[in-house]
Amino acid sequence: MGIQITPSMLSADFANLQSEAARIAGADWLHVDVMDNHFVPNLTLGAPVIEALAKVAAQPIDAHLMIDNPDRWAPSFVEAGAGSVTFHVEAAAAPVRLAREIRALGARASMALRPATPIEPYEDLLPELDMILVMTVEPGFGGQAFLDMCLPKIRRARTLIDKHGGDIWLQVDGGVSLDTIERCAEAGADVFVAGSAVFGAEDPDRMVAELRAQAGGTGH
Ligand code: DX5
Ligand code: ZN
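Just so you know, these numbers come straight off a predicted model, no measurement behind them.

With that settled, the discussion passes to the overall build of the protein chain. Per the secondary structure count, the protein chain includes eight helices and eight strands. Since a compact globule built from 220 residues should have a radius of gyration of about 17 Å, the 16 Å found for the protein chain is in line with a globular shape. With the principal axes as the frame, the protein chain shows a C-alpha extent of 45 × 40 × 30 Å. Relative to its 220 residues, the protein chain shows a buried fraction of 54%. By sequence separation, contacts in the protein chain at least 24 residues apart represent 63% of the contacts at least 6 residues apart. Split by element, the accessible area of the protein chain, about 9100 Å² in all, is 51% carbon and sulfur. If you average the places of the 16 positive and of the 30 negative side-chain charges in the protein chain, the two averages end up 4 Å apart.

Right, here's the structure in full:
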C-alpha cells in the first residue's frame, strides 16, 4: 500500500457530512474522531453517526476512538460499519483481546499512541495490529500545531514495523499540512490524517491530491 490520505471529518460541516464526504472524492478513508469528554476534554459523536455516514459515503470509515473503556465500545463501531477502528493503548485494559475482537468482527485493528506514549513497550503487539497511529498533537481538538518531538517516534515505529516485516500501516494525526507532511513521510509514515488543512482549503479534494503528492515526494 502506498501513501494514503485520510481527511478528518472533525473539520467538516457536521450538518452536512454526506456532502462533505463527496467533496473529498480522492480521499482513501474518512477519518472520524470519536471523543467522550473523559479520555479527552471534548465531546463529538458516536456509533450511530458513523453508521449513518458509512451508508452514504463512498469511502470507508477510519474510526479514531479517543474514549475511555474502548474494550467495551470499540466492537460497536465495527458493527456500525467502520472499516478500521483505532483504540488508544493508554485507555485499553486488554489491547490484545481488543485487537483480536476488532479483527474477528471484520475490521482493521489499529492502536494509537499519545505524544508522550512510547512505542517500544508494544513491539510484541505488532502482529495483532493492522495500523499504528502516532499522534502528532495531544488528542482532543483539530487545528493544533504539529509536534516535531513526535518525529523520532515515527522513525522508531517504522523501524519496528520493518523489523517485524508485516504489512502494518503507520498513520500520523494532528497538525498535518503541506508544511509538515514531508517530515512525517520522511520519518516513515504512510497514512496521513489532515482535518483543518483539507477542510480549510478552498478546494478540499485538490488539497488531498496536493498532500498526497507532497508526501510521495520523499520515500522511506
Ligand atoms: C485530534 C484528532 C484529529 C484532528 C486533526 O485529536 O484526532 O484527527 O481532527 O485535525 P488537524 O488536522 O486540524 O490537526
Ligand atoms: Zn483523529
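Here we have eight strands laid out as an open sheet, ordered 1-8-7-6-5-4-3-2, and parallel in their pairing. Sheet topology places strand 1 (4-7) and strand 2 (30-35) at the edges, where each strand pairs with a single neighbour. Across this sheet, the average inter-strand angle for adjacent strands is 25°, counted without regard to direction. Summarising the sheet, strand 1 and strand 8 (residues 191-194) pair through four bridges and their orientation is parallel. Looking at the pairing, Thr6 lines up with Val193 of strand 8. Of the strands in this sheet, strand 2, strand 3 (61-66) and strand 4 (84-88) touch helix 3 (residues 70-79), which is tilted by about 165° from strand 4. Those strands touched by helix 5 (residues 151-164) are strand 5 (108-113), strand 6 (131-135) and strand 7 (169-173), and its axis lies near 165° from that of strand 7.

Around ligand 1 lies a shell of 20 residues, among which Ser8, Gly140, Asp173, Gly195 and Ser196 are the nearest. Within the backbone of Gly143, one N or O atom sits 2.8 Å away from an oxygen atom of ligand 1. Within the side chain of Asp173, a nitrogen or oxygen atom sits 2.7 Å from an oxygen atom of ligand 1. Protein coverage of the free-state accessible area of ligand 1, which is 380 Å², stands at 100%. For ligand 1, the cavity whose grid points lie within 2 Å of the majority of its atoms is the largest pocket. Secondary structure elements with two or more residues in the shell around ligand 1: strand 2, strand 3 and strand 8. Considering every element that reaches the shell around ligand 1, the biggest residue donor is strand 2, with three residues.

A word on the packing of helix 3 against helix 4 (residues 95-104). One can describe the packing of helix 3 onto helix 4 by two numbers: an axis separation of 9 Å at closest approach and a directional angle of 15°. Classified by the angle their axes make, helix 3 and helix 4 are roughly parallel. In this structure, the crossing between helix 3 and helix 4 has a hand that is right-handed. Between helix 3 and helix 4, the contacting residues are Pro70, Asp71, Ala74, Pro75 and Val78 on the first element and Leu98, Glu101 and Ile102 on the second. Across the contact of helix 3 with helix 4, the residue classes tally to six nonpolar, no polar and two charged.

Procedures and definitions
- Residues numbered from 1 in each chain as written.
- Chains lettered and ligands numbered in written order.
- Predicted model: local features only at pLDDT ≥ 70, side-chain atom pairs only at ≥ 80, totals over all residues.
- Heavy atoms only, no water.
- Helix = DSSP H or I, 4+ residues; strand = E, 2+ residues; numbered from the N terminus.
- Rg over C-alpha atoms; globule rule 2.2 N^0.38 Å.
- Buried < 20%, exposed > 50% of the residue type's maximum accessible area, 1.4 Å probe, protein only.
- Contact = heavy atoms within 4.5 Å.
- Areas by Shrake-Rupley, 256 points an atom, 1.4 Å probe, with all protein chains shown as cover.
- Lys, Arg positive; Asp, Glu negative; His and termini not counted.
- Charge placed at Lys NZ, Arg CZ, Asp CG, Glu CD.
- Pairing = 2+ DSSP bridges.
- Axes fitted to C-alpha atoms, helices over the stretch in contact; angles between N-to-C directions.
- Near = heavy atom within 4 Å.
- Polar contact = N/O pair within 3.5 Å; in protein donor to acceptor, adjacent residues only side chain to side chain.
- 1 Å grid on protein atoms, 1.4 Å probe; cavity = no way out; pocket = protein on both sides within 12 Å on 5 of 7 lines; lining within 4 Å.
- Sits in = over half its atoms within 2 Å of the grid points.
- Parallel < 35°, antiparallel > 145°, perpendicular 65-115°, else oblique.
- Left-handed = near helix turned anticlockwise from the far one by under 90°.
- Nonpolar A, V, L, I, M, F, W, Y, C, P; charged D, E, K, R; others polar.

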